[in-house]
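# Fold and geometry: a report
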Amino acid sequence: MKKVAFYTLGCKLNYSETSTIGRIFQERGFEKVEFTDTPDIYVINTCSVTDNADKKCRKIVKEAQKYSPNAFITILGCYAQLKPKEIAEIPGVDAVLGAAEKFQLVDILEGFTKKDKAEVYASPISEANTFHNSYSFGDRTRTFLKVQDGCDYSCSFCTIPLARGNSRSDTIANVVRAANEIAESGVKEIVLTGVNTGDFGLQDGKRVETFFDLVKELDNVEGIERFRISSIEPNLLKDEIMEFVAGSKRFMPHFHIPLQSGSNKILKLMRRRYKRELYAERVAKIKELMPHCCIGVDVIVGFPGETEEDFLETYNFINGLDVSYLHVFPYSERENTLAPEMPGKVSIKERNRRADMLRILSEKKKRYFYEQNIGREFTVLFEDDVKDGVMEGWTENYVRVAAKYDPVLVNELKHVRLTGINAAGLMEAEETYVEVLKH
Ligand code: SF4
């Protein structure tokens, strides 16, 4: 039995796809092993969003060669779709597969026999037009379930449409089937994942279903206690979705909504499909419906043309918003996008300074959000990671709770009262946790 090991870079979507490809290998008689366990085959799933994608890829190939010098090394994922030829030149790489080919890799590469040169199978991205159902399983307490892939938007900084193709989705019936399958395996939380998740419902370019329909159907899936929406564009987060989540038992009061900039001038240059006013309306509506809802925000700083005033506009806008944490990205040029050609390049040093300012703001926002929750009661889903005898779990509204490690609590939902924030910035729930232990 041949052994195969995986390495995943990037987002939740990549994790769900690696997991599915792993299951394809197992169904075909391969044994899935750890990266360090001298596998015969390595599969490295790459990302194009991270900086230095090339360097990271080279580093992992080198590591793989160190652990298993004769292994067959396959590279796939977004970066493989964008730069197949460059990746094929990396010493040690045996095969590169594009977006349309990655789920067929066991058939395409058959015996996984090394050739003189790396084999490249990467069709143009227009051919990646079928949807492959994927979910991560066995890796975490939560499962990432892919419901949508690709994106039809054309944000001027983003290469994802070039790496993943047009927007396309699974059917609601298939997603519900997958959710039931996941529930049967004992997983309690599903994170709905996609490139542009709110755009769910397009099949062969036609809108057949909607994200709201999907949410309503999933809310009836017995056995899954929690659903989260990984990220949703503000223009697609309609009132009906917010109102439904507010009344739902299974959809958690947690939204992650990309903002990218708080300046309308920059939003326009970015080709985003909303203005800051719409974003502020969405946040206000969520908080009106669910005062303790967690709201995460993505922001890019140092986009071409972003002056100090524009940045301060973003800073002040976010400072005034009732949001809970930020994911901050210094702008980074991507080939074949419009933004690098735009005037007003911001120096790397300045991009980093602005990012640091927003990261400090994020810490303040998070602290404030946590403080608002002290004394309130929640349910925590405890996870499997242990560090120094401490385990962690998440409340419905995404507050991270620390507790003394107890294996019995893993993947269990426990009712707690939040008592205070510890030195590591995690919430404590000792009082009720002690009660939990007594039962
Ligand atoms: S919405 Fe914009 S940023 Fe997001 S994947 Fe699509 S093009 Fe990229």
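Refer to the structure above for everything that follows.
Notes on the structure in this doc start here. Since the model is a prediction, treat every value here as computed from it, not as a measurement. (Residues numbered from 1 in each chain as written. Predicted model: local features only at pLDDT ≥ 70, side-chain atom pairs only at ≥ 80, totals over all residues. Heavy atoms only, no water.)

## Focus on the sheet that holds strand E16 (residues 294-301)
Two modes of strand pairing occur in sheets, parallel and antiparallel, and in both the strands are linked by backbone hydrogen bonds. Taken together, the three strands give an open sheet; going across it, the order is E15-E16-E17, and neighbouring strands pair in parallel fashion. Each having just a single partner strand, strand E15 (254-260) and strand E17 (325-330) make up the two edges of the open sheet. Shown here is a sheet whose adjacent strand axes are inclined to one another by a mean of 15°, direction ignored. (Pairing = 2+ DSSP bridges. Helix = DSSP H or I, 4+ residues; strand = E, 2+ residues; numbered from the N terminus. Axes fitted to C-alpha atoms, helices over the stretch in contact; angles between N-to-C directions.)

## Observations regarding the pattern of salt bridges
Pairs may arise between side chains of opposite charge once their charged atoms sit close together. In this structure the tally under the stated criterion is 35 salt bridges. Glu189 is paired through a salt bridge with Arg142; the nearest N and O atoms lie 3.9 Å apart. One end of the pair, Glu189, is in strand E11 (residues 189-193); the other, Arg142, is in strand E8 (residues 142-146), with 47 residues separating them in the sequence. Here the two residues Glu189 and Arg142 agree in accessibility, since each one is buried. Among the salt bridges present, the one from Lys146 reaches Asp149, with a minimum N-O distance of 3.3 Å. Comparing Lys146 with Asp149, the two get one shared label, buried. When salt bridges that share partners are traced, they join Glu17, Lys102, Lys146, Asp149, Arg164 and Arg168 into one network. (Salt bridge = Lys/Arg side-chain N within 4 Å of Asp/Glu carboxyl O. Buried < 20%, exposed > 50% of the residue type's maximum accessible area, 1.4 Å probe, protein only.)

## A word on the packing of helix H12 (residues 308-319) against helix H13 (residues 348-373)
Relative to each other, H12 and H13 sit at 10°, their axes nearing to 11 Å. When the interaxial angle is binned, H12 and H13 end up roughly parallel. Only Glu350, Arg353, Arg354, Met357, Leu358, Leu361, Lys364 and Lys365 of H13 make contact with H12, whose side of the interface consists of Glu308, Phe311, Tyr315, Ile318 and Asn319. In the contact of H12 with H13, the residues fall into six nonpolar, one polar and six charged. (Parallel < 35°, antiparallel > 145°, perpendicular 65-115°, else oblique. Contact = heavy atoms within 4.5 Å. Nonpolar A, V, L, I, M, F, W, Y, C, P; charged D, E, K, R; others polar.)

## Some points on the environment of Phe35
Structurally, Phe35 is set in the loop between strand E2 (31-32) and strand E3 (41-46). In this structure the C-alpha to C-alpha distance between Phe35 and Ile90, which are 55 residues apart in sequence, comes to 19 Å. Discounting residues that sit within four places of it in the chain, Phe35 has contacts with Ala5, Phe6, Tyr7, Tyr42, Ile60, Glu63, Ala64 and Tyr67.

## Remarks on a negative patch on the surface
On the surface, Asp239, Glu240, Glu277 and Glu281 cluster together into a negatively charged patch. If you list the elements that add at least two residues to the negative patch, you get helix H9 (239-247) and helix H11 (276-289). Structurally, the position occupied by Glu277 is in helix H11. For Glu277, a relative accessible area of 43% translates into the label partly exposed. (Patch = residues over 30% accessible without salt bridge, like charges linked within 9 Å, V, L, I, M, F, W, Y side chains within 5 Å. Areas by Shrake-Rupley, 256 points an atom, 1.4 Å probe, with all protein chains shown as cover. Lys, Arg positive; Asp, Glu negative; His and termini not counted. Charge placed at Lys NZ, Arg CZ, Asp CG, Glu CD.)

## A look at the nonpolar core
Core analysis: the biggest nonpolar cluster contains 57 residues, and Leu192, Leu218, Phe255 and Leu358 have the highest contact counts within it. The element that contributes the greatest number of residues to this core is helix H7 (residues 172-184), accounting for seven residues. For Leu192, the contacting residues outside a window of four places in its chain are Leu145, Val147, Thr197, Phe211, Leu214, Leu218, Phe227, Arg228, Ile229, Ser230 and Phe251. (Core = buried A, V, L, I, M, F, W, Y, C linked by side-chain atoms within 4.5 Å.)

## Comments concerning the site of the ligand
Surrounding the ligand, one finds Cys151, Tyr153, Cys155, Phe157, Cys158, Pro161, Val195, Glu233 and Arg272. Within the shell around the ligand, the residues separate by chemical class into seven nonpolar, no polar and two charged. (Near = heavy atom within 4 Å.)

## Considerations on the sheet that holds strand E6 (residues 119-121)
With parallel pairing, the six strands of this open sheet are ordered in space as E2-E1-E3-E4-E5-E6. The open sheet has two edge strands with one neighbour each: E2 and E6. Pairing analysis gives six bridges linking E3 to strand E4 (residues 72-77), with the strands arranged parallel. Of the residues in E4, the one forming a bridge with Ile44 is Ile75. This element, helix H1 (residues 12-27), spans strand E1 (3-8), E2, E3 and E4 of the sheet and lies at about 175° to E1.

## Re the pairing of E17
Pairing between E16 and E17: six bridges, direction parallel. Each residue of the ladder has a partner; that of Val297, found in E17, is Leu326. Handedness of the E16-H12-E17 crossover: right-handed. (Right-handed = clockwise from strand over helix to strand, strands pointing away.)

## Quick look at the environment of Glu306
Note that Glu306 resides in the loop between E16 and H12. A relative accessible area of 3% means that Glu306 is categorised as buried. Along the chain, Glu306 and Ser263 lie 43 residues apart, while their C-alpha atoms are 8.8 Å from each other.

## Quick look at the packing of aromatic side chains
Tallied over the entire structure, the rule returns 16 aromatic pairs. With a centroid separation of 6.4 Å and an interplanar angle of 50°, the aromatic rings of Phe369 and Tyr370 are classed as tilted. Residue classification places Phe369 among the buried residues on the basis of a relative accessible area of 6%. Note on Trp394 and Tyr398: the rings are 4.1 Å apart at their centroids and 10° apart in plane angle, and the pair reads as stacked. Here the two residues Trp394 and Tyr398 agree in accessibility, since each one is buried. (Phe/Tyr/Trp six-rings, centres within 6.5 Å; stacked < 30°, edge-to-face > 60°.)

So, to be careful, I would describe these as geometric facts and stop short of saying anything about function.
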